[in-house]
Amino acid sequence: MAEGTGEKYCMATQKGGPTSIPLFDLKRQHGALKEELSAAFERVLASGMYILGEEVAAFEREAAAYIGCRHAVGVASGSEALLIAMMALGIGPGDEVICPTYTFFATAGSVRRLGARPVWAEIDPVTFNVSPEDIARRISSRTRAIIPVHLFGQCADMEAIMKIAASGGIPVIEDAAQAIGTPCCGRMAGAVGSIGCISFFPTKNLGALGDAGMIVTDDHELAEKCRMLRTHGMEPKYFHKIVGLNGRIDALQCAFLRVKLKRLDGWIAARRRNAALYRRLFDEMEIRGVEPPVEVRPGHTYNQFVVRVPGEGRRDALRKFLAGRGIGTEIYYPVPLHMQECFADLGGREGDFPESERAARETLALPIFPELTEDEIRYVAEAIAGFAAA
Ligand SMILES: *Cc1c(COP(=O)(O)O)cnc(C)c1O
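Residues numbered from 1 in each chain as written. Predicted model: local features only at pLDDT ≥ 70, side-chain atom pairs only at ≥ 80, totals over all residues. Heavy atoms only, no water.

Draft legend 1. Highlighting the overall build of the chain. The helix and strand tally for the chain stands at 14 helices and eleven strands. Over its C-alpha atoms the chain spans a radius of gyration of 21 Å, differing by no more than 12% from the 21 Å that the globule rule assigns to 390 residues. A burial count over the chain gives 55% of its 390 residues as buried. Here the contacts in the chain between residues at least 6 apart in sequence split such that 71% fall between residues at least 24 apart. The averaged location of the 49 negative side-chain charges in the chain is 2 Å from the averaged location of its 45 positive side-chain charges. (Helix = DSSP H or I, 4+ residues; strand = E, 2+ residues; numbered from the N terminus. Rg over C-alpha atoms; globule rule 2.2 N^0.38 Å. Buried < 20%, exposed > 50% of the residue type's maximum accessible area, 1.4 Å probe, protein only. Contact = heavy atoms within 4.5 Å. Lys, Arg positive; Asp, Glu negative; His and termini not counted. Charge placed at Lys NZ, Arg CZ, Asp CG, Glu CD.)

Draft legend 2. Highlighting the pattern of salt bridges. Here the structure, examined in full by the defined rule, presents 25 salt bridges. When the shortest N-O distance is used, the salt bridge between D157 and R297 registers 4.0 Å. Highlighted residues: D157 in the loop between β4 (143-146) and α8 (158-168) and R297 in the loop between α11 (264-284) and β10 (305-308), separated in sequence by 140 residues. The exposure class assigned to D157 is partly exposed, which follows from its relative accessible area of 23%. The partner of E224 in a salt bridge is R227, and the shortest N-O contact between them spans 3.8 Å. With E224 and R227 both in helix α9 (residues 220-229) and three residues apart, the pair spans about one turn of that helix. According to the relative accessible area criterion, E224 is partly exposed, its value standing at 34%. Connected through salt bridges with shared partners, the residues R43, E55, E62 and R258 form a single ionic network. (Salt bridge = Lys/Arg side-chain N within 4 Å of Asp/Glu carboxyl O.)

Draft legend 3. Here's a closer look at helix α13 (residues 354-362). Restricting attention to buried positions, one finds in α13 the residues S356, E357, A359, A360 and E362. Contacts made by the buried residues of α13 are with β10, α12 (314-324) and β11 (363-366).

Draft legend 4. Focus on the pairing of strand β3 (residues 117-121). For β3, the buried fraction is high: four of the five residues fall into the buried class. Pairing of strand β2 (residues 96-100) with β3, which is carried by five bridges, proceeds in the parallel orientation. When the bridges of β3 are listed, I98 appears paired with V119. (Pairing = 2+ DSSP bridges.)

Draft legend 5. Spatial organisation of the pairing of strand β8 (residues 195-199). Within β8, five of the five residues are buried, which leaves the element mostly enclosed by the surrounding structure. By the alternation rule, side chains of β8 split into I195, C197 and S199 and G196 and I198, which are all buried. Two strands pair when backbone bridges link them, and strand β5 (residues 173-175) and β8 are joined in this way by three bridges, in the parallel orientation. Within β8, the position partnered with I173 by the bridge is I195. Pairing of β8 with strand β9 (residues 213-217), which is carried by four bridges, proceeds in the antiparallel orientation.

Draft legend 6. Looking closely at the nonpolar core. If you look at the biggest cluster of nonpolar residues, it comprises 37 residues, and the most contacted ones within it are F59, Y66, I67, I180, I198, F200 and M214. For this core, the secondary-structure elements that each account for two or more residues are α3 (34-47), α4 (54-67), β9, α10 (251-261) and α11. It is α10 that provides the largest number of residues to this core, a total of seven residues. Looking at this core, you find at least three residues from each of domain 1 (5-25 + 264-389) and domain 2 (32-261). In this view, I180 contacts Y66, I67, I198, F200, N205, L206, L264, I268 and T301; residues no more than four positions away in its chain are not counted. If you look at the next biggest cluster of nonpolar residues, it comprises 35 residues, including I84, A88, V111 and L245. (Core = buried A, V, L, I, M, F, W, Y, C linked by side-chain atoms within 4.5 Å. Domains from an automatic or database assignment.)

Everything listed is a geometric property; what it means functionally is a separate question.
Right, dumping it as structure tokens:
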């Protein structure tokens, strides 16, 4: 182990604080775009139009073209996109919605907020994505939607899921919050199901400078319903056809996102390069017991680069070891949803979903953001080699 290299590196980069290589560093990305982002801010400031309006309409057109969908509806966040999509499909009390138990909370939180019941499904242990076979087993006469999640930027097995859904006439809501730009079944994540939900949370592959989200669909009626729902079901002004909510997107966020959308493919390419470099270094350093993610379906966009660390307590030990060397990591997600306190009434128990629970114990996300340098990735890989050899 070239311990000295790491030492030197740490000192060279340790300007901002205790962490020399953070899990993500948005300041690098935005620093490089400072002039364009400032111009976007000035434009919105001068326009006097701060919610919806021309800036939002322009971003919706550009995002719809990028994703290859007829309609895009900007909303306040990815969570709001899921909630509004389900409201547009008429999901409510008594309904069941199948979703993975190993995902971010918002996937199922939105189901519960509408009084419907999330029905948990197990994941595939290789991709961490929901298992189509398990979805098929959990369909009942009350199933009103299926929500596959393209976790970490890798497309779920949409071919199988769409077949299962079609045979039951069940709508598919894609949780593409982590997967904008991921190719999927000849289209793009979000454009394959009945309706797709995207998040522009700052750490997603296309991040706003605050909260923002989007619904995409080819279905004109669904799109119009989502548009109405995001402004309290109002059409025209002060005439309310349905009960909606305030789920609007800000003009300022759309102005920033228009600047950033043009760079998205370049950033995705950089994430993929970073992932390939990690893999090559793991091979060269003969790292055992820390397994890089497997790209089963080509086109993973690596919103997260999640390694698996089997063995009692080893994942947590690696996390601590890396923190001691100034390397930021995160656990996505430490508690599967069937074991969350707020879902206890649904009767989930430890042991119900062994693969999801094992993933929650064994996975760790490493820095993968586009602006990482080769030296930084090498430093992380060397640190992991040091841990694996110990
Ligand atoms: C980020 C995320 C969301 C929610 O998006 P927000 O914009 O943070 O509300 C939903 N689902 C998944 C899988 C996510 O990663």
